[in-house]
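# Examination of the molecular architecture
Each chain, written out:
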Amino acid sequence: MKNKFLKNFFLILLLSSFSILSAQDISGVVSDATGPVPGVNVSVKGTNNGTATDFDGKYTIKNVKSTDILVFSYVGYKTQEIPVGEQTTINVTLESDQNALDEVVVVGYGAKKKSLVTGAISSVDAEDIKSVSNQRVEQALQGRTSGVTVSSSSGSPGSGARIRIRGTGSSGSSEPLFIVDGMKVSNIDNIPPSDIENLEVLKDAASAAIYGTEGANGVIIITTKSGKGKDVKVNFSSQLGFQFLNSDIELMNASQFVTYMNEAGVTSVVDNGIDTNWIDEVFDTAFMQRYDVSLSGEAAGISYYASIAHTDQDGIVAKENSSFKRTALRLNLKTNVTKWFEAGVSATTSFIKRRGVQENNDTRGVIQNALVLDPLTPVTYAPGTVPQEVFDRAANNGFPDVPVLRDSNGNVYGYPAYSTGEVLNPVAFADVNRTLNTNNQFLSTIYGKFTILEGLTFTSRFGYEYGDFLNENTIRPYFVASEAQNTTYTMSETRVRNERWLWENFASYTKSYGDHNFSLLAGYSAEDYEVPTISSRTGSVAIPDFPGFDLDLPGYTIDDVTENVVTFRDNLVSMYGRLSYDYAGKYLFEASFRRDRSDKFPTGNKAGNFPAVSAGWVLSKEDFWKQDSFLNYLKVRGSWGQNGNKSNLGGNSDIISITRNIGGLPINYLGQGGAQITGFANTNLVWETSTQTNFGIDLRALDNKLRFSVDYFNKTTEDLIVSDGSLITPGSAGFTSNEFNAGTIVNKGFEFEVGYANNDNAFKYQINANLSTLDNEVTEILFLPQGTSIEGAGAPQNDDGITRFTEGLPAWYFFGYQTNGVDPATGELRRVDTDGDGNITNADKTFIGSPHPDVLFGGNIGMQYKAFDFNLQFQGSLGNDIFTSFNQPSRPITNKLVHYFDDRWQNPGDVAAFPSSATITDAYDTDLMVEDGSYMRIKQIQLGYTLPQRISEKLHVNNLRLYVSLDDYFTFTKYRGLDPEIGNFGFNDIGVDRGYYPTAARMIFGLALDF
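Residues numbered from 1 in each chain as written. Predicted model: local features only at pLDDT ≥ 70, side-chain atom pairs only at ≥ 80, totals over all residues. Heavy atoms only, no water.

### Description of the overall build of the chain
- Regarding its fold elements, the chain presents 11 helices and 60 strands.
- Taken over C-alpha atoms, the radius of gyration comes to 33 Å for the chain, in line with the 30 Å a tight globule of 1011 residues would show.
- Dimensions of the chain, computed from the C-alpha atoms along their principal axes, are close to 135 × 70 × 65 Å.
- Buried positions account for 52% of the 1011 residues belonging to the chain.
- Within the chain, contacts between residues separated by at least 24 positions form 70% of all contacts whose residues are at least 6 apart in sequence.
- With the model as given, the accessible surface of the chain reaches about 43,600 Å², and the carbon-plus-sulfur share is 54%.
- In the chain, 82 side chains carry a positive charge and 117 a negative one; their mean positions are 11 Å apart. (Helix = DSSP H or I, 4+ residues; strand = E, 2+ residues; numbered from the N terminus. Rg over C-alpha atoms; globule rule 2.2 N^0.38 Å. Buried < 20%, exposed > 50% of the residue type's maximum accessible area, 1.4 Å probe, protein only. Contact = heavy atoms within 4.5 Å. Areas by Shrake-Rupley, 256 points an atom, 1.4 Å probe, with all protein chains shown as cover. Lys, Arg positive; Asp, Glu negative; His and termini not counted. Charge placed at Lys NZ, Arg CZ, Asp CG, Glu CD.)

Here it is as structure tokens:
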């Protein structure tokens, strides 16, 4: 018995020894395609034994048996399970998770798994925009996500874009808030697309409410690239391209113009043998080039990303005289100083020079002049053919020193043969009137992140933004007509500097109890923003005394000087918090709250509160869900929240403004100095508040290859801030009121996003598309008389505004006369008597079109086979209108689009779409000027080739890709102007074509190199 006990004891001891001996330490490195990945969870399956990879992707896990299985998991990647066996070193390469449910999306003051998101957030990553030829981030966003309208302010190089997230939500600016690496910024023109890691678009109130008073129009969060992996990685990319006009626009030729004018009774217009196509003369082929170099990696425990990007783009109008040059430098650093302290800095500086011509002007724009100048005028006169009257014109009008207009070769520019007034040779005008904008910017963010306890972190982040903007305009002397002249050398310059600092402190706590997962955020921030006008001055110098364009040189008479004027100062103090909860990733809940206090508002209303709640249910995680269903994932979600908007308020609205000067002269009454009220206080002004409800569904199907999302939103913006106080001030007061709250706008619609990807075979492909609907309506206007409107953009043909803001209609709709065809007997346009009083007056003007699209859509098709790749991206809109306002009723002898000629009335009995040439000016303020602006544009057709690895290795590079691309090359539209994508510079004239600088078609040759 004793021997049996001893045998059993030694047997147990032996087995235990083997067990102890077989338990061992396993180590290795976890990487992805770009290098080591820190923070990967490594655990023994079925146990609590686990660890995480360090900054270099290394890990060591103890007490692992040969029969164990190691599990490697990280958000955004497929989970891998690897049997240990006899291995002591296990290196793992993670693969991206195709279903993207565990990808991390950046939200306000943090990040979370996409599967846990309960709001409406769209993402665009570096892969999507890596080879775009757009030089501005806003333009690279176009057509890539639902619910976002991106309309170029102009097609001129370096111009920005108007971004509307879920429609126009204000009577003033409706631009979204931009956050770059955690810092609020004034603009994003200093960021090259090559520096961007990802963009997140926060569309619903619950997602944006954490930004409170500045989230009403949506939020775009930009995260720039950072160093990944220990190895040094160098990236170089280059684009060389040619730009040109690709439009079907057609003007009347000389023969048609002569016939048209003669029919109008202007018999003095005769054919002189000249037939100038001003579209061909003004637009030209222009060169563009772009170079991006970056260096990234990790050294001495510090990850780094450094880049230099240079862009040089000439314009298709006036080439170097409408150009854009930008040099941007960036440095991003991050390090784990200790196990409990992480620090980082992000800094960028940029130097921008943008030259431009006069545009977006219905009387004095270069392109507007090209559209209306008669074709009987030459670009330049042939030697010996200059009319003597041209040489004598200035002297005969009292300006003997004013020279004739000449090009760089000394040729005399053609003076209008028949067109009168402000109309002049557009090629000459682009030469004599030039603008230079110089913009130097600096942006930096520094942060420290403390790990206080497990799951508890505290972050302190300080950001600083500085901008120095100088605008210079120079005009050479010329005399074409009394309305088109400049009899001295004239120069103006304005320097503006903006400065912002933002200090944010916030704590985050994450904890799990079984299947209950909590995340808490609490923070405080302080911000100061100033925009002073340092100097603004205008000067001129007589022609004989001209020393050069520099206002500091002798001889200049300075006409107007403004110095050191603080335009406004904006201090903002905020407290905010957020609670996120989920049960087993199945039931989701989130609530946030922010309280802002701004100096822009009156004393009693400085603070605003902005709450939000959202919830979601992942049905596919329920027990009743069939695991073999073709639907792999299904989530329903809903949200409600409120956001604010203070961008339309300059400040000091609660202060009575008084001046002692009028027109630069002291106020004097019978020898006594005086003062005058210029703005009356409004102590009742409150925040613009947007309340939004959102319901959405997300699903994945067919082994996660198919993804689909749909959202319905209803956004109501109340207490709209109107800046024109004269609307509520009696004329007898002698002054106007400051800003006031006066209305409500409702935007509602559906958003759809769908995608399918198959990477199972050598031929890989993906298809993505998005579509959104939009219904925009002004539902209330306060304080104004019943039936009246707020006037918007003006034009010569409609002195009471061609856009209006009226209750019951879309914001800033087109305003004018409705028509009922052309009278076959007389050729006159029949205007509709809308008020039924028997007369046609201004009271009959009404809604004649809307610039807002009913439907926005976009998408892309990507394919790859072995070393070849192909990408096609498209984008467009349906249901929006365009108002053509470049024709003037006071200038009848001007050229016009050819359909005015082809579709005109000529003889009694004609059934025509356009009136006779003698009465055409009556049409300029009617719906005949409104055209369908719907279009589809092929944004990019790109074919690429990546060198095989064996060739790359011989060249000592990791990757080399060459590609050719046609960007913005094909546009399908019924609009007969230059470009259907009319954005414009103002918030109240979107869709108004005053002679819009069109988007250039581009042929791009590109190279991307990694080593």
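### Observations regarding the nonpolar core
- Counting 69 residues, the largest nonpolar core has V317, L371, Y478 and Y900 as its most contacted members.
- Going through the elements one at a time, α5 (254–263), α6 (278–282), α7 (366–372), α9 (426–432), β25 (478–481) and α10 (898–902) are the ones with two or more residues in this core.
- Grouped together as the second largest cluster of nonpolar side chains are 24 residues, L141, I165, L199 and L502 included. (Core = buried A, V, L, I, M, F, W, Y, C linked by side-chain atoms within 4.5 Å.)

### Digging into α5
- Within α5, the full set of buried residues consists of A254, Q256, F257, V258, Y260 and M261.
- Where α5 is buried, its residues contact α10.
- Near the N-terminus of α5, the side chain that reaches the backbone nitrogen of S255, with its oxygen 3.2 Å away, is that of N253.
- One or two residues past the end of α5 sits G265, with phi positive at roughly 95°. (Polar contact = N/O pair within 3.5 Å; in protein donor to acceptor, adjacent residues only side chain to side chain.)

### Here we look at the sheet that holds strand β15 (residues 183–185)
- One open sheet accounts for five strands, arranged β11-β16-β17-β14-β15; its pairing is mixed. At either margin of the open sheet sits one strand with a lone partner, and together these are β11 (121–125) and β15. In this sheet, adjacent strand axes meet at a mean angle of 25° when their direction is disregarded.
- Relative to strand β17 (residues 219–224), strand β16 (residues 196–202) runs antiparallel, the two sharing six bridges. (Pairing = 2+ DSSP bridges. Axes fitted to C-alpha atoms, helices over the stretch in contact; angles between N-to-C directions.)

### Digging into the pairing of strand β23 (residues 433–453)
- Both strand β22 (residues 341–356) and β23 contribute to a ladder of 16 bridges, which runs antiparallel. By the bridge assignment for β23, I352 is matched with N439.
- Inspection of the sheet shows β23 paired to strand β24 (residues 456–475) by 20 bridges, in the antiparallel sense. Paired with L453 across the strands is L456, a residue of β24.
- Here β23 hands over to β24 after two residues, with G455 in that stretch at a positive phi of 90°.

### Digging into the UniProt feature "domain: TonB-dependent receptor plug" (unreviewed entry) in the chain
- The UniProt entry lists residues 116–219 under the feature "domain: TonB-dependent receptor plug" (unreviewed entry), expressed in the numbering used here.
- From the first C-alpha to the last, residues 116–219 spans 19 Å; its make-up is 12% helix and 29% strand. (UniProt positions renumbered as here; feature names shortened; annotations may be inferred.)

### Brief notes about the packing of aromatic side chains
- Tallied over the entire structure, the rule returns 30 aromatic pairs.
- Taking the centre distance of 6.4 Å and the plane angle of 70° together, the rings of Y513 and F518 count as edge-to-face.
- Residue class for Y513 comes out exposed when judged on its relative accessible area of 51%.
- For the cation-ring pair, R831 lies above Y817, with the distance from its terminal atom to the ring centre recorded as 4.4 Å.
- Its guanidinium or amino end placed over the ring of F901, R904 lies 3.9 Å from that ring's centre, counting from NZ or CZ. (Phe/Tyr/Trp six-rings, centres within 6.5 Å; stacked < 30°, edge-to-face > 60°. Lys NZ or Arg CZ within 6 Å of the ring centre and 35° of its normal.)

### Some points on the sheet that holds strand β48 (residues 803–805)
- One open sheet holds the four strands; their spatial order is β47-β48-β49-β52, and the pairing between them is antiparallel. Every other strand in the sheet has two partners, leaving β47 (790–791) and β52 (846–849) as the edge strands with one partner each.

### Quick notes on the pattern of salt bridges
- Summed over all chains, the structure comprises 49 salt bridges.
- Ionic pairing is found between K62 and D25, a salt bridge with its closest N-O pair at 3.6 Å. Here the residue K62 occupies a position in strand β5 (residues 58–64), and D25 occupies one in strand β1 (residues 24–32), the gap between them amounting to 37 residues.
- For D25, a relative accessible area of 40% puts it in the partly exposed group.
- We note a salt bridge from R637 to D698, for which the minimum N-O separation is 2.9 Å. Remark: D698 occurs in strand β39 (residues 688–701) and R637 occurs in strand β32 (residues 631–645); sequence separation between them is 61 residues. Judged on exposure class, the residue R637 and its partner D698 are both buried.
- A single network of salt bridges, built from pairs that share partners, joins K184, E214, E465, R500, E527 and K646. (Salt bridge = Lys/Arg side-chain N within 4 Å of Asp/Glu carboxyl O.)

### Describing the pairing of strand β44 (residues 743–758)
- Bridge count for strand β40 (residues 706–718) against β44 is 12 bridges, and the pairing is antiparallel. Paired with F708 across the two strands is V754, which belongs to β44.
- Bridge analysis of β44 against strand β45 (residues 763–773) gives eight bridges, and the strand direction is antiparallel. Bridge pairing in β45 places G755 opposite N768.
- Between β44 and β45, which pair antiparallel and follow one another directly, the connecting turn spans four residues.

### A few points about unusual backbone geometry
- You will see that D181, though not glycine, has its phi angle at about 50°, which is positive.
- Notably, A300 is not glycine yet its phi reads approximately 55°, a positive angle.
- Mapped onto the elements of the fold, A300 is located in the loop between β19 (286–299) and β20 (302–315).

### What to know about helix α8 (residues 388–396)
- All of the buried residues along α8 are V390, R393 and A394. Along the axis of α8, the buried positions cluster into a sector of 75°, meaning they face one direction only. Projecting away from the buried face of α8 at angles above 90 degrees are the exposed residues Q388 and N396.
- Elements that come into contact with the buried residues of α8 comprise β25.
- G398, located one to two residues past α8, shows a positive phi value of around 90°. (Arc of directions from axis to C-beta.)

### Here's the deal with a nonpolar patch on the surface
- Together, L240, F242, F287, Y291, F868, L943, V964, M1003 and F1005 line one region of the surface with nonpolar side chains, adding up to about 760 Å² of accessible area.
- Breaking the nonpolar patch down by element, the ones donating at least two residues are β18 (233–244), β19 and β60 (1001–1010).
- In this fold, L240 is placed in strand β18.
- L240 sits in the partly exposed class, given a relative accessible area of 35%. (Patch = residues over 30% accessible without salt bridge, like charges linked within 9 Å, V, L, I, M, F, W, Y side chains within 5 Å.)

### Observations regarding the environment of L782
- Its location among the elements puts L782 in the loop between β46 (775–781) and β47.
- Linking L782 and I452, residues 330 residues apart in sequence, is a C-alpha distance of 52 Å.
- Here L782 is in contact with A742 and G743, once residues within four sequence places are set aside.

### So, the side chain of K600
- One can find K600 in the loop between β30 (587–598) and β31 (607–618).
- Reaching out from K600, the side chain makes a polar contact with the backbone oxygen of K646 at a distance of 3.3 Å.

### Notes on the environment of E298
- With respect to the helices and strands, E298 occurs in strand β19.
- Of the residues examined, E298 reaches a relative accessible area of 8% and is grouped as buried.
- Between the alpha carbons of E298 and G227 there is a distance of 6.6 Å; along the sequence they are 71 residues apart.
- In this structure the side chain of E298 is engaged in a polar contact, spanning 2.7 Å, whose partner is the backbone nitrogen of G301.

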